[in-house]
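Structural overview
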Amino acid sequence: MLNLVQAAESAARNPPPSSSSSATFADPRRGFCSFEFFPPKTDAGVANLMERMERMVAAGPLFVDVTWRSGGETSAVSLAIAKAARQLLGPDRVMLHMTCAGASKATLVSHLATAAAAGVQCILALRGDDLDDFEEQNNAPFKYAIDLVRLIRSEFTNKFTVAVAGYPEGHGGIGYAVNLKHLKEKVDAGADFIITQMVYNAEVFLQFLQDCRGIGITCPIIPGIMPITNYQQFIRIISLTKVMVPDDLLDALRAVKHDDAAVRDIGSSFVLQLIQQFQNAGVFGVHFYTMNLEEPVVGLAETAGLLDPASVKIRSSEQQELAGEVRPIYWQHRPTSYMVRTSDWSEFPNGRWGDHQSPAFGDLSDFHLAAVHPPTVSPRHAIIQKELDTDITICRRLKTEQDVFEVFAKYVQGDIPMIPWCSNPLDSETSSISQRLANLNRHGILTINSQPAVNGVPSTDSVFGWGPADGLVYQKAYVEFFCDSQRLDKLERVLSAHRHLTLHAIRADGTERVGATNHTTALTWGVFPNREIVQPTIMDPVSFRVWSTEAFTLWQRHWARLYPASSTERALLSTIAHSYWLVTVVDNNFVASTLFDALDQVVMA
Ligand SMILES: Cc1cc2nc3c(=O)[nH]c(=O)nc-3n(C[C@H](O)[C@H](O)[C@H](O)COP(=O)(O)OP(=O)(O)OC[C@H]3O[C@@H](n4cnc5c(N)ncnc54)[C@H](O)[C@@H]3O)c2cc1C
Ligand SMILES: NC(=O)c1ccc[n+]([C@@H]2O[C@H](COP(=O)([O-])OP(=O)(O)OC[C@H]3O[C@@H](n4cnc5c(N)ncnc54)[C@H](O)[C@@H]3O)[C@@H](O)[C@H]2O)c1
């Protein structure tokens, strides 16, 4: 893999004589790219990713890589995807991410041996983030990525090419220069090249590159970029990673945030310019955080001249079978693609939770883009300040459940900028119900998501509109919340008089209580001239189950953890996480909704 990266860099810098020196931007010899995939959360998503990956690798990236969930819980899926990619592309063009923090030496050696046996020759050695207990991490043998680099070199010598992560804007709040020093140590310990955290500012990356060179890091450094395809998703990811985004870009995206096609146009022009700036400065490779999306990523890479389809010789299944290889089970049993109905609108047209059969379905934390902790604090990072403020606010004394209820109520009133489940301020459409929501929250219906009913509002409406002009949009009232068993019992009794309301409740241990119907249900849809009905948000019981696991984890991971191990607060939050239900209620009568009346009855004395 290293040879491949070096050869691609050198070919880009020294194009063959036949290529004119005034090569155009789209000259395929001018650049290369890699595509990063993450393991989807559901079997159907994995099956569809396999299919999509086959098309994406045929487009001609230099290599593909597969992320790894901290703790290695999804290691089998990551490995299966890497193995499938290897079968398609060959062994030297596939990289597997692997995290080490909290793992034992035996586990890591076993994962590495399994990867080697599957024909993976390149590892992106990472620390990982998602540890339940920092104290535990401090005593663990593998604290930093460098420990994994050293392990690979000592146990497997040169069997693997090793890449490591770099952070143009710093990492972990310990200072940019210290970060660089640690990066140099990783390279000195045996890393062959560096892939960076996503970056949307050419100056920032080029300064980082110069600083790396200045301290003697000579290996290839590939900047990471995530294509901008959907406003909500982009905002959530930059809030998580805290990467710097030019204000002009944010303003332009905000102005068209409900129109995915316009967001994608603006995002693509921006990313193409960024790549051009990199190329002008002699940086020819780009790492794409694909988010498992196909069309926007391949389109961008193609326009930027980063693909080389001629270099890919995808082997047919017959060739693979002749070579004694077994195709992944997902391919043999893959369902008819579910993508067709959304292909025109890419993956989540202004939509929210995605389709559980989609390869791009998952929680943002699955994308493993980077640290969720604030990096080096810079004055430009107002967003970090916002998070720190939130930490302080929700870190206040919590003695009783009522104190917890108050935090939720304050969030929907706009007095707290974030809670662990909601990282952005409420949408304007929620203002019509925010007082009712605050009251529900104060009475133990702890809301994390909602929408009021909408019946045929113009798609250009400044509050409820989305999609192209001249359409009409609709939505069912919906609310998602945590509550205890007593309130759920009462809700079920109330719902018997509201037959158009459907309920689905799940507890952390997986116990479920479901209403009469439990099918995939349309939540938001739009009718536009000359199109089929567009349905960006559905309530899907499978997605809800997957999401509930994440939702319960956030009590501990993003909240309880802010308090000392034996504190009252930790115990209280932990009890809530284990005993409360996560509930969704959909009001199927979008013409005359009674959802909030029903919830008011639950909290009435
Ligand atoms: C390209 C890329 C891909 C990623 N893929 C995944 C993935 O698949 N799965 C996943 O879970 N996460 C992934 N991540 C996220 C990554 O795990 C986190 O960003 C994590 O917080 C840091 O990982 P690292 O490997 O950079 O850590 P390290 O290099 O160990 O650095 C972590 C922090 O510790 C500091 N440090 C390093 N050495 C020392 C030392 N000796 N003493 C004190 N401080 C030290 C560093 O300066 C840095 O602040 C990815 C990140 C990137 C950029
Ligand atoms: N039901 C599922 O199957 C499923 C699956 C995955 C994610 N989710 C939910 O999706 C959320 C993220 O997706 P999104 O794009 O819909 O979020 P979002 O931030 O866009 O919020 C959607 C709507 O809910 C409102 N809202 C936000 N926080 C609220 C709160 N605390 N109380 C009441 N209303 C609130 C917003 O104003 C907005 O109108 C997750 O936090 C989770 O709640 C649900």
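Right above here is the structure, for reference.
Attention in this report is confined to the structure presented alongside it.

About the cut-offs
- Residues numbered from 1 in each chain as written.
- Chains lettered and ligands numbered in written order.
- Predicted model: local features only at pLDDT ≥ 70, side-chain atom pairs only at ≥ 80, totals over all residues.
- Heavy atoms only, no water.
- Helix = DSSP H or I, 4+ residues; strand = E, 2+ residues; numbered from the N terminus.
- Contact = heavy atoms within 4.5 Å.
- Areas by Shrake-Rupley, 256 points an atom, 1.4 Å probe, with all protein chains shown as cover.
- Core = buried A, V, L, I, M, F, W, Y, C linked by side-chain atoms within 4.5 Å.
- Buried < 20%, exposed > 50% of the residue type's maximum accessible area, 1.4 Å probe, protein only.
- Polar contact = N/O pair within 3.5 Å; in protein donor to acceptor, adjacent residues only side chain to side chain.
- Phe/Tyr/Trp six-rings, centres within 6.5 Å; stacked < 30°, edge-to-face > 60°.
- Lys NZ or Arg CZ within 6 Å of the ring centre and 35° of its normal.
- Expected span 1.5 Å × (residues − 1).
- Near = heavy atom within 4 Å.
- Nonpolar A, V, L, I, M, F, W, Y, C, P; charged D, E, K, R; others polar.
- Lys, Arg positive; Asp, Glu negative; His and termini not counted.
- Salt bridge = Lys/Arg side-chain N within 4 Å of Asp/Glu carboxyl O.
- Pairing = 2+ DSSP bridges.
- Axes fitted to C-alpha atoms, helices over the stretch in contact; angles between N-to-C directions.

Attention now goes to the overall build of the chain. What the chain contains, in helices and strands, is 22 helices and 17 strands. Nonlocal contacts in the chain, meaning residues at least 24 apart in sequence, comprise 77% of its contacts between residues at least 6 apart. As displayed, the chain has an accessible area near 24,600 Å², and 53% of this comes from carbon and sulfur atoms.

Ranked by internal contacts, the top residues of the largest apolar core, which has 94 residues, are Phe35, Leu96, Tyr200, Phe234 and Phe288. If we skip the residues at most four places from it in the chain, Tyr200 touches Ile225, Met226, Ile228, Phe234, Val243, Met244, Val245, Pro246, Phe270 and Leu274. Counting residues in hydrophobic clusters, the runner-up holds 58 residues, among them Val412, Leu503, Tyr563 and Leu595.

This part covers the environment of Ser104. Structurally, the position occupied by Ser104 is in the loop between β3 (94–99) and α4 (105–117). Its relative accessible area of 32% is what places Ser104 among the partly exposed residues. Taking C-alpha positions, Ser104 is 6.9 Å from Pro141, a pair spaced 37 residues apart along the chain. Among the polar contacts made by the side chain of Ser104, one reaches the side chain of Thr107 at a distance of 2.7 Å.

Let us look at the packing of aromatic side chains. For the coordinates displayed, the defined rule picks out 20 aromatic pairs. Plain terms: the ring middles of Phe408 and Trp559 are 6.1 Å apart, the flat faces sit at 45° to each other, and that makes the pair tilted. Of the two residues, Phe408 is situated in helix α17 (residues 401–412) and Trp559 in the loop between α20 (541–557) and α21 (568–579); the sequence distance between them amounts to 151 residues. As far as the burial class goes, Phe408 and Trp559 line up, both buried. A ring pair is formed by Tyr474 and Trp525, whose centres lie 5.6 Å apart and whose planes are at 5°; its orientation type is stacked. Within this pair, whereas Tyr474 is found in strand β11 (residues 472–475), its partner Trp525 is found in strand β15 (residues 521–527), the two being separated by 51 residues in sequence. Each of the two residues, Tyr474 as well as Trp525, counts as buried. Among the aromatic residues, those joined into a ring-pair cluster are Phe408, Trp421, Phe482, Phe552, Trp555 and Trp559. One Lys or Arg, Arg513, reaches over the ring of Trp581 and ends 5.0 Å from the middle of that ring.

Moving on to α17. With twelve residues, α17 ought to run about 16 Å at 1.5 Å a step, and its terminal C-alpha atoms sit 17 Å apart, in line with that. Positioned one or two residues after α17, Gly414 has a phi angle of 85°, which is positive.

So, about the site of ligand 1. Taken together, 26 residues lie around ligand 1, and Trp68, Asp129, Tyr167, Asn179 and Lys186 are the ones closest in. Tyr144 has a polar side-chain atom sitting 3.4 Å from a nitrogen atom of ligand 1. Within the contact set of ligand 1, an oxygen atom lies 3.0 Å away from a side-chain nitrogen or oxygen of His182. Relative to its free-state accessible area of 970 Å², ligand 1 is covered by the protein chains to the extent of 89%. Breaking the shell around ligand 1 down by element, the ones donating at least two residues are β3, β4 (122–126), α7 (176–188) and β6 (193–198). The element best represented in the shell around ligand 1 is α7, accounting for three residues. Classifying every residue of the shell around ligand 1 by side-chain character gives 13 nonpolar, ten polar and three charged.

This next bit is on the side chain of Glu36. Following the sequence through the fold, Glu36 ends up in strand β1 (residues 32–37). One buried charge, Glu36, has no salt-bridge partner; the nearest side chain with opposite charge is Arg69, at 12 Å. For Glu36, the side chain forms a polar contact with the side chain of His287, separated by 2.9 Å.

In spatial order, the strands read β9-β12-β17-β13-β14; together these five strands make up an open sheet with antiparallel pairing. Across the chains shown, the open sheet's two edge strands, defined by having one partner strand only, are β9 (446–451) and β14 (512–514). Averaged over neighbouring strand pairs, the angle between their axes works out to 10° when direction is ignored.

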